[in-house]
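Understanding the architecture of this molecule
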Amino acid sequence: MITPFFEVTQDDEFIYINVKISHIRFSATQIEMIVDNELFIFSLPPYYLRIRLPFPCVDDERSKAEYDSKEEVVRIRIPKEERGRVFPDLDLTSKLLARLNENTSSKAEVSGPLIEELDIDNTMDGKPRDVVQEGEAFDWEIKQEIPNNQELSGVKYGFNNQYDKLVGISVTNGNDINEVGDPETTTASDRVIERLIKENIKFDAEIYAADYIMEKYPTADDDKSFQDLLEWKNPLIRQFLKWYKTQGSIPESERTNVMDVEFTKDEQEKMQNLPRRSYLIDASYNQEILILVICLLFAYHFELRETEGDHNIESAWTIGKLVPQFAFLDSKLVSNPDNSDNVLRAAVITCIRRALAYPFHRSFKLVMKVWEDVYYNLRGGKRLILKALLDLKELFRFHDVYYVYDKIWLEDLVAYLISDNISESVIRKLAYDLKKEYCKVSKTDITFEKMGLDKQDGEDIEEDAEIIALNLQEIELIAEESYQVYRQQTNS
């Protein structure tokens, strides 16, 4: 059976469901429709649609269905059980689709699934847990645990550590985002070590210094324009700021913390095509999921700002290189370069290090502007995050090689976010926690370990080279001194 494309809208009295049925000869006698409280079923071979609405509907004389031959759409109207009740998230079509193991009739005999999902009692000491407190209580401290016996269980990676052998195959096909020497045998802890070493090797102090001078003292001959990138207006962020400004004119009692975001028809179709899976995930794993969201949004907004909103052939590569979960399959980020035990700070510093080592534009000021974009994106709520991730996802879904990251990370992540596993209060608190962390990061916190340099001739010392730690402030001071000497020489 084929799941058709459909749209769901509402008014005070009715739910309207438009079901697209292309390339078949319509037959009214073959249509079967069932309304059973929250459950709605539509069947017209080869199409079959089963959705669960947020609240009950009824099937009475007000129900109506008609076929629009021009649009090839069956337009269905069913009454709400409670007139005036607002049904939320009707445009999240993948959320409405019923799961495979759910019964299609209230009269069906109940049988237990092979793996049963249990409703977790969300109470503390018998008292209802405040949804806001859920966000406020989120702990960003790195979790310490004894590593599993990887030799017996095998190396896994991706969303909820459920994939293997896929990245290795993509490497043989030319996957140059991957930087893990052997992705199918390298353990999670070794991936972290390998990432830190290769970030130090990749970072080029001379390129960063040159970009710093180019940004501070721009000339007409420069091949990079940092000011244009800093001044560029991000469409998603403008959308949020416009909404936020309107909240100031609304009485406080009527204000909402979540931005009202509408999905386009194309976005709804993309969400409908997501895998419909049931995720049995430990609550502690939500921390890794949120860190993944942070890294993805950073990479997405960096690429968006660097290209001034126009994705290009290099967009997927840039994003993939900036996201440690892609390039190194490093989902924990447990090894923090500044020895902090805060995993959110570790994510911020890791993203900054990678943004100063891989892209064409390498600027600390640009990086901090991107973090501001990420903060506003989070403040817009889950729907605004989904808009960004759906756009990012398309860059990988259609790529001949990089599609592997859509398979092991993005499909599951977007589907999981659409569900109610992560609340809006957690997202909102994440935004505030993130801002607190990135605002505390200074240039002296971003350090790279490099081979010592001969101060007299500037050449690398080949034998017995000393490993020295360079932070951004030190590199900028050296660059400034060199530039001033150069100006004096050219002006004399």
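In this report, we go over the structure that sits alongside the text. (Residues numbered from 1 in each chain as written. Predicted model: local features only at pLDDT ≥ 70, side-chain atom pairs only at ≥ 80, totals over all residues. Heavy atoms only, no water.)

**Notes on the sheet that holds strand β5 (residues 64-68)**
Across the sheet, 4 strands lie side by side as β1-β2-β6-β5; this open sheet has antiparallel pairing. Because the sheet does not close on itself, it has two edges, and the strands there are β1 (6-10) and β5. Averaged over all neighbouring strand pairs, the angle between strand axes comes to 15°, with direction disregarded. (Pairing = 2+ DSSP bridges. Helix = DSSP H or I, 4+ residues; strand = E, 2+ residues; numbered from the N terminus. Axes fitted to C-alpha atoms, helices over the stretch in contact; angles between N-to-C directions.)

**Details of a negative patch on the surface**
Taken together, the side chains of D228, E231, E308 and D310 define an acidic patch exposed on the protein surface. If you trace the backbone, D228 turns up in helix α7 (residues 226-231). Residue D228 is classed as partly exposed on the basis of its relative accessible area of 41%. (Patch = residues over 30% accessible without salt bridge, like charges linked within 9 Å, V, L, I, M, F, W, Y side chains within 5 Å. Areas by Shrake-Rupley, 256 points an atom, 1.4 Å probe, with all protein chains shown as cover. Salt bridge = Lys/Arg side-chain N within 4 Å of Asp/Glu carboxyl O. Lys, Arg positive; Asp, Glu negative; His and termini not counted. Charge placed at Lys NZ, Arg CZ, Asp CG, Glu CD. Buried < 20%, exposed > 50% of the residue type's maximum accessible area, 1.4 Å probe, protein only.)

**Structural notes on the pairing of β5**
Here β5 pairs with strand β6 (residues 73-79) via 5 bridges, running antiparallel. The partner of E66 across the bridge, within β6, is R75. Connecting the antiparallel pair β5 and β6 is a turn made up of 4 residues, with E72 showing a positive phi of about 55°.

**Description of the environment of V74**
Secondary-structure assignment places V74 in strand β6. Taking the C-alpha atoms as reference points, V74 and N18, separated by 56 residues in sequence, lie 5.7 Å from one another. Residue contacts for V74: discarding those within four places in its chain leaves I17, N18, V19, I21, F26, F42, E66 and Y67. (Contact = heavy atoms within 4.5 Å.)

**So, helix α18 (residues 472-491)**
Given a rise of 1.5 Å per residue, 20 residues ought to cover 28 Å, and the 28 Å separating the end C-alpha atoms of α18 matches this to within 8%. Every buried residue belonging to α18 is among L472, I475, E476, A479, E480 and Y483, and all of these are buried. When α18 is viewed along its axis, its buried side chains cluster within an angular range of 135° and face the same direction. In α18, those exposed residues whose orientation departs by more than 90 degrees from the buried face are L477, I478, E481, Q488 and Q489. (Expected span 1.5 Å × (residues − 1). Arc of directions from axis to C-beta.)

**Looking at the nonpolar core**
Core analysis: the biggest nonpolar cluster contains 105 residues, and F298, W371, L378 and F396 have the highest contact counts within it. Broken down by element, this core gets its largest block of residues, 14 residues, from helix α10 (residues 286-306). Setting aside residues up to four positions removed in sequence, L378 forms contacts with I294, L297, I385, I427, L430, A431 and L434. Counting 22 residues, the second-largest nonpolar core is a separate cluster that includes F6, V35, F40 and L90. (Core = buried A, V, L, I, M, F, W, Y, C linked by side-chain atoms within 4.5 Å.)

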